[in-house]
Amino acid sequence: SQQGEEDPQALSIQEGENATMNCSYKTSINNLQWYRQNSGRGLVHLILIRSNEREKHSGRLRVTLDTSKKSSSLLITASRAADTASYFCATAHPASYGKLTFGQGTILTVHP
Amino acid sequence: GAGVSQSPSNKVTEKGKDVELRCDPISGHTALYWYRQRLGQGLEFLIYFQGNSAPDKSGLPSDRFSAERTGESVSTLTIQRTQQEDSAVYLCASSWLAGAGELFFGEGSRLTVL
């Protein structure tokens, strides 16, 4: 299966701390994306990293990609209570580039 | 519209009935996706459309599920003879080109089969 697997399944931290979530996948990819989902809502795109990129930043977000280990990490720095949500990685396989498949997600809880 | 619109937002039906879920993508987006999300789970790919090309139906779980899209406009997902295991949130997303970048999601249609 192309589907990514996030780790940990759940993460609980205090406001101001950093949160790191990991994603592993099984086959080669075209790109990897991270999404956020607030409870009961649709998903919102956070960041996309291409297979030839190693690191990308967007505000308080930092994403890394290691294609040799088939893994990615999402770091949220100086977390806020409003960051509480589920975070999903999604991968696109080069052979079926349009088919974006998602992992099971990491539930992040940030305590004020 | 400004975003992806899905209807109905909630649907309760009896086992064995057919249901239709509708998705209105962002204007100009050529790709449209359907996903299923069971409670507390990740997103399960169902189908995607890219322009007038044949859709990728590889995620449809059974022949009770079908989806249509006319051109680059509205799509409907139809579930025939619903079963209790079909209960889930059905999410629609669109993008300007499949595989090219981010997906924009609707708020989902929550289906409950009694």
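Conventions we followed
- Residues numbered from 1 in each chain as written.
- Chains lettered and ligands numbered in written order.
- Predicted model: local features only at pLDDT ≥ 70, side-chain atom pairs only at ≥ 80, totals over all residues.
- Heavy atoms only, no water.
- Helix = DSSP H or I, 4+ residues; strand = E, 2+ residues; numbered from the N terminus.
- Contact = heavy atoms within 4.5 Å.
- Polar contact = N/O pair within 3.5 Å; in protein donor to acceptor, adjacent residues only side chain to side chain.
- Salt bridge = Lys/Arg side-chain N within 4 Å of Asp/Glu carboxyl O.
- Pairing = 2+ DSSP bridges.
- Axes fitted to C-alpha atoms, helices over the stretch in contact; angles between N-to-C directions.
- Buried < 20%, exposed > 50% of the residue type's maximum accessible area, 1.4 Å probe, protein only.

Participant: How should the environment of D66 of chain A be read in this particular structure?
Facilitator: Residues and elements named next belong to chain A. Tracing the backbone shows D66 in strand β7 (residues 61–66). Sequence separation between D66 and E53 is 13 residues, and the spatial gap between their C-alpha atoms is 8.8 Å. If we ignore the near neighbours within four places in the chain, the residues touching D66 are Y25 and S71. For D66, the side chain forms a polar contact with the side chain of S68, separated by 2.5 Å. A polar atom in the side chain of D66 sits 3.2 Å from the backbone nitrogen of K69.

Participant: What is the right way to read the interface of chain A and chain B from this model?
Facilitator: A common way to express how large an interface is: the accessible area buried when the components associate. Across the boundary between the two partners, chain A contributes 22 residues, which contact 20 residues of chain B. Counting every contact that joins chain A to chain B gives one salt bridge. Note that E107 of chain B is salt-bridged to R41 of chain A, the shortest N-O span being 2.5 Å. No other element matches strand β10 (residues 96–102) of chain A, which puts six residues into the side of chain A that touches chain B.

Participant: Can you walk me through the sheet that holds strand β1 (residues 5–7) of chain A in this structure?
Facilitator: Sheet strands associate in pairs through backbone hydrogen bonding, adopting either a parallel or an antiparallel arrangement. Residue and element names in this part refer to chain A. As summarised here, the arrangement of the five strands in space is β1-β3-β8-β7-β6, forming an open sheet in which the pairing is antiparallel. At either end of the open sheet lies a strand with only one pairing partner, and these are β1 and β6 (55–58). Across the sheet, the mean angle separating the axes of adjacent strands is 20 degrees when strand polarity is ignored. Here six bridges tie β7 to strand β8 (residues 71–76), and the two strands are oriented antiparallel to one another. Bridge pairing in β8 links V63 to L74.

Participant: I tried to follow the environment of C92 of chain B on my own but got confused; where do I start?
Facilitator: Residue and element names in this part refer to chain B. For C92, the location among the structural elements is in strand β8 (residues 88–95). Accessibility expressed as a relative area gives 0% for C92, which makes it buried. Once the C-alpha coordinates of C92 and S5 are considered, the two residues, 87 residues apart in sequence, prove to be 8.4 Å apart. Those residues in contact with C92, other than ones at most four positions away along the chain, are V4, Q6, C23, L32, Y33, W34, F104, F105 and G106.

The values are spatial; any link to function lies outside them.
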